[in-house]
Amino acid sequence: MPRPRVYSTPAIVLRQRKLGDADKILTLYAANLGKIDAVAKGVRRTKSRMAGHVEPLTHATFQLAQGKSLDIVTQVDTLDPFQPLREDLDRLSHAIYAAELLDKFTEPREASFELYRLLLDTLRRLSAGGDIDTTLRYYEMALLSALGYRPELEACVTCRKPLAPVTNYWSAPAGGVICPDCGHDQLTSRAISVNALKLLRLIAHASYADVLRVSVDGALGADLERAMLEYVRCVLERDVRSARFMDTLRRSRPRVRAAAEDAG
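Basis of the calculations
- Residues numbered from 1 in each chain as written.
- Predicted model: local features only at pLDDT ≥ 70, side-chain atom pairs only at ≥ 80, totals over all residues.
- Heavy atoms only, no water.
- Helix = DSSP H or I, 4+ residues; strand = E, 2+ residues; numbered from the N terminus.
- Expected span 1.5 Å × (residues − 1).
- Buried < 20%, exposed > 50% of the residue type's maximum accessible area, 1.4 Å probe, protein only.
- Polar contact = N/O pair within 3.5 Å; in protein donor to acceptor, adjacent residues only side chain to side chain.
- Contact = heavy atoms within 4.5 Å.
- Pairing = 2+ DSSP bridges.
- Salt bridge = Lys/Arg side-chain N within 4 Å of Asp/Glu carboxyl O.
- Core = buried A, V, L, I, M, F, W, Y, C linked by side-chain atoms within 4.5 Å.
- Axes fitted to C-alpha atoms, helices over the stretch in contact; angles between N-to-C directions.
- Parallel < 35°, antiparallel > 145°, perpendicular 65-115°, else oblique.
- Left-handed = near helix turned anticlockwise from the far one by under 90°.

**A look at helix H2 (residues 89-105)**
For H2, with 17 residues, the first-to-last C-alpha span of 24 Å sits near the 24 Å given by 1.5 Å per residue. For H2, the tally of buried residues reaches 14 of 17 residues, placing the bulk of the element in the interior. One side-chain oxygen at the N-terminal end of H2 lies 3.0 Å from the backbone nitrogen of Asp 90; it belongs to Asp 88.

Laid out in structure tokens, this is it:
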């Protein structure tokens, strides 16, 4: 059924880019339409009433009119600006990463309410002050699973034997975990601990509430982050810009804390 000339949809702003002197192109992820590019005319002018409603990560109801090449935003009403994210650089960087992943993993006009809801829930969780790293690992795994890219965590990807509760090997290019017999001489693999594999399985199969109950120490959290980012990059076959920003931000924290202690 063709879309009406003017239509309304709830959507999340994934990103925006400049167009001409006063406009912007918004990349939206809409509830029942998937990813859409639409023009917000005049939004860069200082007197624009729309400007505050179309910032990245904003959840809003958009009214759009079909255009020749891009649809036009005619009206927008904010549902949730996720203001706490904008007041915390750590949470903001994680939210931008989540939005970038959805943008890079999806094609225009491929509708998925599941993915829309997943990003919306993730932004709410990050905004509410929960564990940001666990929230992001859950999002990554859920996104990969929904798109058919979940890594193999139960059987060796090489010999297909069930994985024993020992130190195995993680290989993003191979698609998951490799047993000790197959993985020790593979250049693309590295050791993955029993606890790391257990936690990856929990993230893949349990509810968010159950995953959140598990306490994750710094070393284990860093191991999971590295493994998932390697896998995401391998599936996408390209880098994720916002991941570099998160890493830069993380590396700057010790210097900021040290400066604060010296000042005190």
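Moving on, there is more to tell.
**Examining the side chain of His 59**
Secondary-structure assignment places His 59 in strand S4 (residues 59-65). For His 59, a relative accessible area of 6% corresponds to the buried category. Residues within four places of His 59 in sequence aside, it is in contact with Pro 10, Ala 11, Ile 12, Thr 78, Leu 79, Asp 80, Phe 82, Tyr 116 and Leu 120.

**Here we look at the pairing of strand S3 (residues 34-40)**
Counting buried residues in S3 gives 6 out of 7 residues, a clear majority hidden from the surface. If you look at the hairpin formed by strand S2 (residues 23-30) and S3, you'll find 3 residues sitting between the two strands. Pairing analysis gives 2 bridges linking S3 to strand S5 (residues 71-80), with the strands arranged parallel. Bridge pairing in S5 places Ala 38 opposite Asp 71.

**Some points on the pattern of salt bridges**
Counted under the stated rule, the structure contains 16 salt bridges. Notably, a salt bridge pairs Glu 230 with Arg 190, separated by 3.3 Å at the nearest N-O pair. Of the two residues, Glu 230 is situated in helix H8 (residues 218-236) and Arg 190 in strand S8 (residues 190-192); the sequence distance between them amounts to 40 residues. Residue Glu 230 is classed as partly exposed on the basis of its relative accessible area of 27%. Judged by its relative accessible area of 16%, Arg 190 is buried.

**A word on the environment of Arg 238**
Relative to the elements of secondary structure, Arg 238 occurs in the loop between H8 and helix H9 (241-263). Each C-alpha atom of the pair Arg 238 and Lys 104 lies 9.5 Å from the other, and the pair is 134 residues apart in sequence. Not counting chain neighbours up to four residues away, the residues in contact with Arg 238 comprise Lys 104 and Arg 233. At 3.4 Å, the side chain of Arg 238 and the backbone oxygen of Lys 104 are in polar contact.

**A look at the nonpolar core**
One finds Tyr 97, Leu 101 and Trp 170 to be the most contacted residues of the largest nonpolar core, which totals 60 residues. Excluding anything up to four places from it in sequence, Trp 170 contacts Pro 151, Leu 153, Gly 176, Val 177, Thr 188, Ser 189, Arg 190, Ile 192, Leu 200, Ala 227, Glu 230 and Tyr 231. In this structure, Leu 28, Ala 60, Val 73 and Val 76 belong to the second largest nonpolar core, which totals 17 residues.

**Some words on the environment of Asp 37**
Relative to the assigned elements, Asp 37 resides in strand S3. Of the residues examined, Asp 37 reaches a relative accessible area of 28% and is grouped as partly exposed. The spacing of Asp 37 and Leu 26 is 11 residues in sequence and 5.6 Å in space, taken between C-alpha atoms. Here Asp 37 is in contact with Arg 17, Ile 25, Leu 26, Thr 27, Leu 70 and Asp 71, once residues within four sequence places are set aside. A polar atom in the side chain of Asp 37 sits 3.2 Å from the side chain of Arg 17.

**Things to note about the side chain of His 94**
For His 94, the location among the structural elements is in helix H2. In this structure the side chain of His 94 is engaged in a polar contact, spanning 3.4 Å, whose partner is the side chain of Ser 93.

**Focus: the packing of H2 against H8**
The geometry of H2 relative to H8 is characterised by a closest axis approach of 11 Å and an angle of 25° between their N-to-C directions. Looking at the two axes, H2 sits roughly parallel to H8. Crossing handedness for the pair H2 and H8: left-handed. Taken together, the residues of H8 that come into contact with H2 (itself represented by Tyr 97, Leu 101, Lys 104 and Phe 105) are Leu 229, Val 232, Val 235 and Leu 236.

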